[in-house]
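Structural features, examined
Next come the chains, spelled out residue by residue.
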Amino acid sequence: MTGWIVPANDPFETAKPLLQHAITAYAKSDLSQVRLKAEQDYWFIIDLSQYQQSQSNVIYADNVHLSHVDFYTLDDNFNQLVAANNEAHRAINKVLPHVVFTADRAHWAVLSARHNDDEWINIGFATEQQFIELVNTKLRNFILIIGVLLLCITIAGTVYILSHQTKALYLLVYLGCILSEFLIAQGVLNYVSNALLPLWYAKLQFSFQVMALAVISFCFIHYLQSQNILKPRQYKLLAYVSLFSMTAILSCFMKQSVHFVVVTLSLGFMLVLLSYLFFYWRSNTKQPIQYEFLIVWCAVILQTLCWQATLVAGAQLFPFNDVLIVVNALAFVMALLIHERKRVKQYNHSLTHDDETKLPNKLLLIKRLDSQVKLTTAHSILLFRPAVLSNARANFGYEHVNEHIKVIMNKLTQQLASMNVLCVETNTQGARSIVRLDDSTYAVVVLGRLELSQIEQLVCVINSVFADGITHKRLHLIDKVDIGVANYPLHASTASQLIQRGLQALGAKPLHGERWHMFNIENVTLSQRRIAIASALKEAIEYDQLSLFFQPQVDLNTGKVHGCEALLRWEHPQFGHVPPDLFIPIAESSGIISELTEWVITHALIYQKQMTALLPEHIVSINISAKDLMCKDLPVLFITLLDEFKLNASNIMLELTESATLFEGVDIKNALNDYRLIGVKIAIDDFGTGYSSLAYLSKMGFDEIKIDKQFVMNIEYSKNDQTICRATCDIAKSLGSYVVAEGIEDSQSMVKLQSYGCEIGQGYYFSRPLTFADYMLWLEKNLENTSLVTRDDERATGLIEKNNY
C-alpha cells in the first residue's frame, strides 16, 4: 500500500489544509514499513480509489504498541464521513487497530499515529473477508505458539518437581520470560489497561527479552561448572551475569537505542562463552562434546540475532521471530529430556554396577543367573574374599586399595577369558565375568556341570593372581583368599538361593589345608540352629526363662560348707536342654553376652541374700566372660546390687577361665582392679587347660585357683594328674591363694587332694548342681549335721577333760 506521509502534531481540523496540500505537493511513499520517530504525530493519507474495493473494506495498522492511533474516512471533497459500525471487531481492534468502511462514499482514508519511542508501523488494506482471514491466521499462530510454550513449561516444571535439578528451574524461568515477552508483543496487555500501555508496552517486552538472556546465561554457566569446565578462578563470570541481570531490570527505563546496546552485549557475551567452550573441548579430549548443548546454545544466539534484527528491520521479521521462539523452546526441552535420559541411564547403570570398581554388582548377577535358571543350564558360583582388603583399607586408604582392586580384577579377567565362565556383561571396555557382591566379596560363575577339576583350576588361578598381595609406600601385606562354591541345581533352585549357598560355603572355614569349601547342608543346619538359639536366648533373657543351679563347695578339712558355684541352665520348649558350652559362645558372638551376664549376676545376688541369712560367711561363685571385662557398666551393677541387698562384697567370687585371662586386646590387670576396689574376689577357673605362666599368675594375684575336673576325676590312677594337682596346690600356697578342686566323685580322690593341701572341694561326691530351693534344703541339712557333729565333739572333749581332771 502506498500513500502520503505528513508529520504534524495538529488535530485533524487544523491539519486538513496541510494534508490537502501534501496530496498535490509530495510524492507517494510505501506505507507497508514506516518508522515513526519518538513523540511525533504522523498523518497517513491513502487514496482508496486506486484499490479494487468490495462493498465492505478495512484499513488496519499492524502494530499493537502504538500509544495513539485514529482513523478517518473522507469523501471526494475531503470531508469527514461517519465511520462504519465497528462493534463486531471491537475485541480485535485492541490488538489490530483498524477501521471498516463502505466503498460507495469513501474516497480518502486518513490515519493518525503516534508512539513514545522509535517504532515501526505497517498500514494495510483488505476486504472484510480478507481481514477476517488475516485475523484467523494470527489467532491460529498465536494459539499454536502459546500451546507449544505452555507444553514446554509443563515439561520443564514436571522435571523440576521430580528431580529438583537447577537447570530445569532455569529453563522454567527462561520459558516464562519468553512467554511473557510473546504475550506482550501480541498485545495481550491491551485487554488489561490502556492507561499504562503508551509508557510500558515496549519497555516490558524488551525487559523480558533481556531477562530471558540473563537467565539462560546463568543456566549455561551452572552447566559449565557442573561439568568442571569452568575453574574456580572463572567464577567471576557470575559477577558479570549478575551485572547483566541488573541491566535487564534497569532496561525498563531505557530508550530503544539502549535496548539495542544491551542485546548486542548479550550476543557478545554468549559468543565468548561458546568460543571458550569450543576451545576447551578441543584441548580436553577426555571431555565428550555435548552436542545437544551446542544446538541449544546456537538456537539462543539465533534468537538473540533475530531480536536484534527486529530493532532494525521492524515487523518484517516478526513471523520469523515467532518461528524461532517455537524452535528455541522445543530445542531447550529436547535437550533437557535428552540430558534426563542420560541421567536416568547413568542411574540405572549405577544400580547394577559398583561405584568404586565399576564391576557388575549383585543385581546384575541375579538377572544373569535368572536367565540361566530359566534355561535350566547347570552352573556353579564361586565366591572369593581377599582377606587383606579390610586391613589394607585401614592402613593404605580406600583410593589406593580400589586402584589395586581394578588392576587385580583386570588381570584376573584376562586369566578367566580362556575358561568356561559366564560373561555377566559386555560393553565397550570388554567382557566382564567378575561381580562384586559387597565391600570385599567377589563372584565368578562357572558354566556346565559341577566338576571338581574345573573348580580346582579356577581356585589356582584366583590364588595365583592374589598371591603377590598389596604394597604401598614400602609396606607389603600378604594376601590370602577364602573361597566358597555352590552349584545349581545341586545346591539351589533359584539365583538368590544359589548366592546364599555360596556365601554359606564361603563362611565355613576349610579344614586340613583345603583352599576352598563346597556348600554343605550340615554346616548350614548347624548355622541355622545357632541363629535360632541366639534369637531364642534373647527372648529367654527378656522373659526370665533361664534358671540358676548351685553346686556346693565344701571345706575338705572341716567338712563345712564354703559356698557354691552358680551354674546357668536353660530348658527350651523346642530345643530341650541347651548346654552352656553351646549357648555361651553364641551369646558372645551375637553381642548379648552382657545382657546374659547381668541377668546371672542379678539373680545370683538375690539368691545370695537368702543364703547368707542361713550362713553369713557363704561365698557364691559367678562365672563371667572375658568380653564382660570390657563392659564398664558391670562394676557399677555390682556396687548397686551389693548396696541394695546389703551384701558383703568379699562373699562374691568372680570366676574367669584361664583362656579368658589371656583374651587379646583386654587389659586384664586394670579390669580386675576395678572389681578389687569394690571388694569382690577373683578366681581363675579351669586352671591347667590354658597357657598362663607362673609370672602371669603372680602378676594377676588371684584369690582362688580352681583345678579343672579333667585332672581330678582320674587322679587315683594317673600319675600325671597327681603331679599336676600337687604342683597346683604348691603354686597356690606360694602365691597366697587357696585351691578349689572340681569333679570330686569319691572319698579316695578327696583324701588324696586333701593330702596335697587342697582346701575346697566341689563335685558329685558332695552334691550335684541343685535348684535354689533344693540347695537351700541341702544347706539347712548340712548346717544341722555340722551342728550335731560340733556338739558331739564338744561333749566328748568335755568328758575327756573331766576324766583327766
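Residues numbered from 1 in each chain as written. Predicted model: local features only at pLDDT ≥ 70, side-chain atom pairs only at ≥ 80, totals over all residues. Heavy atoms only, no water.

Remarks on unusual backbone geometry
A cis geometry characterises the amide bond from Tyr488 onward to Pro489, with omega recorded as 10°. Here Pro489 lies in the loop between β18 (481–488) and α14 (495–507). Although it is not a glycine, His164 adopts a positive phi angle of roughly 55°. The class of His164 is exposed, set by a relative accessible area of 59%. Backbone geometry places Lys646, a non-glycine residue, at a positive phi of 55°. Within the secondary structure, Lys646 is located in the loop between α18 (633–645) and β25 (652–657). (Helix = DSSP H or I, 4+ residues; strand = E, 2+ residues; numbered from the N terminus. Buried < 20%, exposed > 50% of the residue type's maximum accessible area, 1.4 Å probe, protein only.)

Brief notes about the pattern of salt bridges
Across all of its chains, the model carries 12 salt bridges by this definition. Across the pair Arg343 and Glu340 runs a salt bridge whose closest N-O atoms are separated by 3.0 Å. Of the two residues, Arg343 and Glu340 are both situated in helix α9 (residues 318–351); the distance of three residues between them amounts to about one turn of the helix. The exposure class assigned to Arg343 is partly exposed, which follows from its relative accessible area of 35%. A network of salt bridges, in which partner residues are shared, links Glu565, Glu655, Lys706 and Glu742. (Salt bridge = Lys/Arg side-chain N within 4 Å of Asp/Glu carboxyl O.)

Topic: the sheet that holds strand β19 (residues 517–518)
If you trace the five strands from one edge of the open sheet to the other, you get β14-β15-β11-β18-β19, paired in mixed fashion. The strands lining the two open edges of the sheet, one partner per strand, are β14 (434–436) and β19. Pairing geometry for strand β11 (residues 379–386) and strand β15 (residues 442–447), over six bridges, is antiparallel. Note that in β15 the partner of Ile381 across the bridge is Val445. Sheet strands in contact with helix α12 (residues 398–416) are β11, β14 and β15, and its direction is about 145° off that of β14. (Pairing = 2+ DSSP bridges. Contact = heavy atoms within 4.5 Å. Axes fitted to C-alpha atoms, helices over the stretch in contact; angles between N-to-C directions.)

Some details on the packing of aromatic side chains
In the structure shown here, the tally under the stated rule is 19 aromatic pairs. Aromatic pair Trp4 and Trp108: ring centres 6.0 Å apart, planes at 55°, arrangement tilted. On the criterion of sequence distance, the pair formed by Trp4 in strand β1 (residues 2–7) and Trp108 in strand β8 (residues 108–114) is long-range, its members being 104 residues apart. Exposure remark for Trp108: the relative accessible area of 11% places this residue in the buried category. Taking the centre distance of 4.9 Å and the plane angle of 40° together, the rings of Tyr174 and Phe332 count as tilted. Linking Tyr174 in helix α4 (residues 166–185) with Phe332 in helix α9, this pair joins segments that are 158 residues apart in sequence. Its relative accessible area of 2% is what places Tyr174 among the buried residues. Connected via pairs of aromatic rings, a cluster forms that spans Phe550, Tyr607, Phe772, Tyr775 and Trp778. (Phe/Tyr/Trp six-rings, centres within 6.5 Å; stacked < 30°, edge-to-face > 60°.)

Remarks on the sheet that holds β1
Spatial strand order, β2-β1-β4-β8-β6: five strands in an open sheet with antiparallel pairing. A single partner strand is all that each edge strand has here, and the edge strands are β2 (29–30) and β6 (68–74). Across four bridges, β1 lies against strand β4 (residues 42–47) in antiparallel orientation. Looking at the pairing, Trp4 lines up with Ile45 of β4.

Focus: helix α23 (residues 747–756)
Owing to its 3.6 residues per turn, the α-helix aligns residues three or four sequence positions apart on the same side. Looking only at α23, the buried set comprises Ser749, Met750, Leu753 and Tyr756. In a view along the axis of α23, the buried residues occupy a sector of 120°, so they form one face of it. Of the surrounding elements, those touching the buried residues of α23 are α22 (719–735) and β28 (738–741). Capping of α23 at its N-terminal end is provided by Asp746; its side-chain oxygen lies 3.4 Å from the backbone amide nitrogen of Gln748. Gly757 sits one or two residues past α23 and shows a positive phi near 100°. (Arc of directions from axis to C-beta. Polar contact = N/O pair within 3.5 Å; in protein donor to acceptor, adjacent residues only side chain to side chain.)

Points about the packing of helix α17 (residues 593–614) against α18
A pair of packed helices is captured by two measures, namely the crossing angle of their axes and the spacing between those axes. One can describe the packing of α17 onto α18 by two numbers: an axis separation of 10 Å at closest approach and a directional angle of 20°. The angle between α17 and α18 places the two elements in the roughly parallel class. α17 and α18 meet at a crossing whose hand is right-handed. Across the interface between the two elements, Thr597, Glu598, Ile601, Thr602, Leu605, Ile606 and Lys609 from α17 touch Leu634, Leu637, Phe638, Leu641, Leu642 and Phe645 from α18. (Parallel < 35°, antiparallel > 145°, perpendicular 65-115°, else oblique. Left-handed = near helix turned anticlockwise from the far one by under 90°.)

Some words on the packing of helix α3 (residues 128–163) against α4
Two elements in contact, α3 and α4, have axes separated by 8 Å at closest approach and are oriented at 160°. Taken together, the axis directions place α3 and α4 in an arrangement best described as roughly antiparallel. As for how α3 packs across α4, the hand of that crossing is left-handed. Together, Phe142, Ile145, Ile146, Leu149, Leu150, Cys152, Ile153, Ala156, Gly157, Val159 and Tyr160 of α3 and Ala168, Leu169, Leu171, Leu172, Leu175, Gly176, Ile178, Leu179, Phe182 and Leu183 of α4 make up the contact between the two elements. Tallied by class, the residues present in the contact of α3 with α4 amount to 19 nonpolar, two polar and no charged. (Nonpolar A, V, L, I, M, F, W, Y, C, P; charged D, E, K, R; others polar.)

So, the nonpolar core
Residues Leu605 and Leu753 are the most contacted members of the largest nonpolar core, which totals 78 residues. Element by element, the count of residues in this core is highest for α17, at eight residues. Once residues within four sequence positions are removed from consideration, Leu753 is found in contact with Leu556, Val712, Ile715, Cys725, Ala741, Ile744 and Cys758. With 32 residues, the next largest nonpolar core counts Phe396, Ile434, Val459 and Val485 among its residues. (Core = buried A, V, L, I, M, F, W, Y, C linked by side-chain atoms within 4.5 Å.)

Some details on the pairing of strand β27 (residues 704–707)
Here β27 shows no split at all, with Glu704 and Lys706 on one side and Ile705 and Ile707 on the other all buried. As paired elements, strand β26 (residues 681–687) and β27 share three bridges and run parallel to each other. The residue of β27 that forms the bridge with Ala683 is Glu704. Pairing of β27 with β28 involves four bridges; the strand directions are parallel. Among the inter-strand pairings, Ile707 is bridged to a residue of β28, identified as Ala741. In this fold, the crossover linking β27 to β28 by way of α22 has right-handed handedness. (Right-handed = clockwise from strand over helix to strand, strands pointing away.)

Considerations on the environment of Arg114
Along the chain, Arg114 turns up in strand β8. In this structure the C-alpha to C-alpha distance between Arg114 and Pro7, which are 107 residues apart in sequence, comes to 10.0 Å. In this view, Arg114 contacts Asn9, Glu39, Gln40, Asp41, Leu66, Ser67 and His68; residues no more than four positions away in its chain are not counted. A polar atom in the side chain of Arg114 sits 2.9 Å from the side chain of Glu39. For Arg114, the side chain forms a polar contact with the side chain of Asp41, separated by 3.1 Å.

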